[in-house]
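The residues making up each chain are set out below.
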Amino acid sequence: MKDVYFPDIAVIDNIRNETGDVKTFTMRFKDPDIQENLTYRSGQFFEVSIFGIGEMPISITTSPSHKGFFELSVKNVGLVSGVLHGLPSGSEVGIRGPFGNGFPYEEVFGKDLLFVGGGIGLAPLRSLINNVLDNRDNFGRVIILYGSRTPGDLVFRDEFKAWEDQPDVSTLVTVDRGDEKWVGNVGVVTTLFPKAGIESKNAVAFVCGPPVMIPFVIKDLLKLGFKEDTIISTLERHMKCGAGKCGHCCIGHKYVCVDGPVFSYREMKAMME
Ligand SMILES: Cc1cc2nc3c(=O)[nH]c(=O)nc-3n(C[C@H](O)[C@H](O)[C@H](O)COP(=O)(O)OP(=O)(O)OC[C@H]3O[C@@H](n4cnc5c(N)ncnc54)[C@H](O)[C@@H]3O)c2cc1C
Ligand code: FES
């Protein structure tokens, strides 16, 4: 059986600057067998280690339908992410996982899907969005709403055009503060709700973003008629093992690293109680 604490080596093949402090790293496992046999669900994460520095949990941002490589989009916020941002292409990092439960996928076949992302929270949603669009016939209408602090903080800009070009997909973007070139919506992501033509009856909402955003989005989704178990979000906790052993990520009797990080609002409420 594989040792969950033992990282496999991955090589950084390409690095894309998304914003001033977010980079997307295209990687592959050095051992071709490990890369070929990699399977995961959107919403799962890897523990990424920089040897001699430390380890951090990062969501897999590539769709499971994309084979031969994987991508991680990382915001530079501290020690490990800062060192990763300084590495050149060709560098090697350690990867453990995939960990966590991932988003429901087959379970939402036939549903309309609403994605609400904020900042780097679009990274795990991007994996699911691309997996949905690669299997478009299995789903109803798709609405993607995304907000960031400023135009310079918007990630995956090029992909929005490709998403829009797919049948029955609409995207709306907003920023908290515009600049002289910005002609789009200004305001928090919930200000897009009245413009998006959302119908909650046969829909599931996926919400990922900074912790401050989530309660406001959930409140407005409930007002729109979404039920507690049709609102799906992720919880961020400080993690160590990623495998349900160390207890660092516990909320009540749940381990966010194995029972989550994806939970319905109904589950989240029960955990907080
Ligand atoms: C399941 C999961 C998936 C994630 N996916 C991504 C992703 O796709 N892209 C991305 O950029 N980030 C993601 N994160 C957040 C990322 O793990 C942290 O930003 C990272 O651990 C920071 O490590 P560091 O050593 O650079 O920062 P540190 O030097 O350890 O910390 C810098 C600051 O960030 C805070 N911090 C660190 N980790 C967390 C955390 N888990 N929750 C809340 N605050 C934290 C610290 O308290 C400190 O204030 C994810 C976190 C989790 C739990
Ligand atoms: S991170 Fe160790 S139990 Fe969850």
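1. Concerning the site of ligand 1
Next, step 1: Near ligand 1 there are 19 residues, and of these P57, S73, K75, V80 and S81 occur at the shortest range.
Next, step 2: Note that an oxygen atom of ligand 1 is positioned 2.8 Å from one of the backbone N or O atoms of V80.
Next, step 3: Calculation on ligand 1 without its partners gives an accessible area of 870 Å², and the protein chains cover 71% of this total.
Next, step 4: With four residues, strand 4 (residues 54-59) is the single largest residue contributor to the shell around ligand 1.

2. A closer look at the pairing of strand 9 (residues 169-175)
Next, step 1: Judged from the seven bridges that link them, strand 8 (residues 142-148) and strand 9 form a sheet pairing that is parallel. Directly across from Y146, in strand 9, lies its bridge partner V173.
Next, step 2: As for the winding sense of the linkage, the β-α-β connection from strand 8 through helix 4 (residues 157-164) to strand 9 is right-handed.
Next, step 3: For strand 9 and strand 10 (residues 185-186), the ladder comprises two bridges, and the chain directions are parallel. Bridging across to strand 10, T174 finds its partner in N185.

3. Considering the domain arrangement of the chain
Next, step 1: As far as domains go, the chain holds domain 1 (8-99) and domain 2 (106-234).
Next, step 2: Opposite the 21 residues of domain 1 that make contact, domain 2 presents 17 residues.
Next, step 3: Regarding the contact of domain 1 and domain 2, the summed buried area is about 1,300 Å², with carbon and sulfur atoms giving 46% of it.
Next, step 4: At the surface where domain 1 touches domain 2, the tally comes to three salt bridges.
Next, step 5: The partner of R41 in a salt bridge is E106, and the shortest N-O contact between them spans 3.6 Å.
Next, step 6: Here domain 1 is connected to domain 2 by eleven residue pairs in polar contact (both at pLDDT 80 or more).

Reading the values: rules and limits
- Residues numbered from 1 in each chain as written.
- Chains lettered and ligands numbered in written order.
- Predicted model: local features only at pLDDT ≥ 70, side-chain atom pairs only at ≥ 80, totals over all residues.
- Heavy atoms only, no water.
- Near = heavy atom within 4 Å.
- Polar contact = N/O pair within 3.5 Å; in protein donor to acceptor, adjacent residues only side chain to side chain.
- Areas by Shrake-Rupley, 256 points an atom, 1.4 Å probe, with all protein chains shown as cover.
- Helix = DSSP H or I, 4+ residues; strand = E, 2+ residues; numbered from the N terminus.
- Pairing = 2+ DSSP bridges.
- Right-handed = clockwise from strand over helix to strand, strands pointing away.
- Domains from an automatic or database assignment.
- Contact = heavy atoms within 4.5 Å.
- Buried area = accessible area lost by both parts, 1.4 Å probe.
- Salt bridge = Lys/Arg side-chain N within 4 Å of Asp/Glu carboxyl O.

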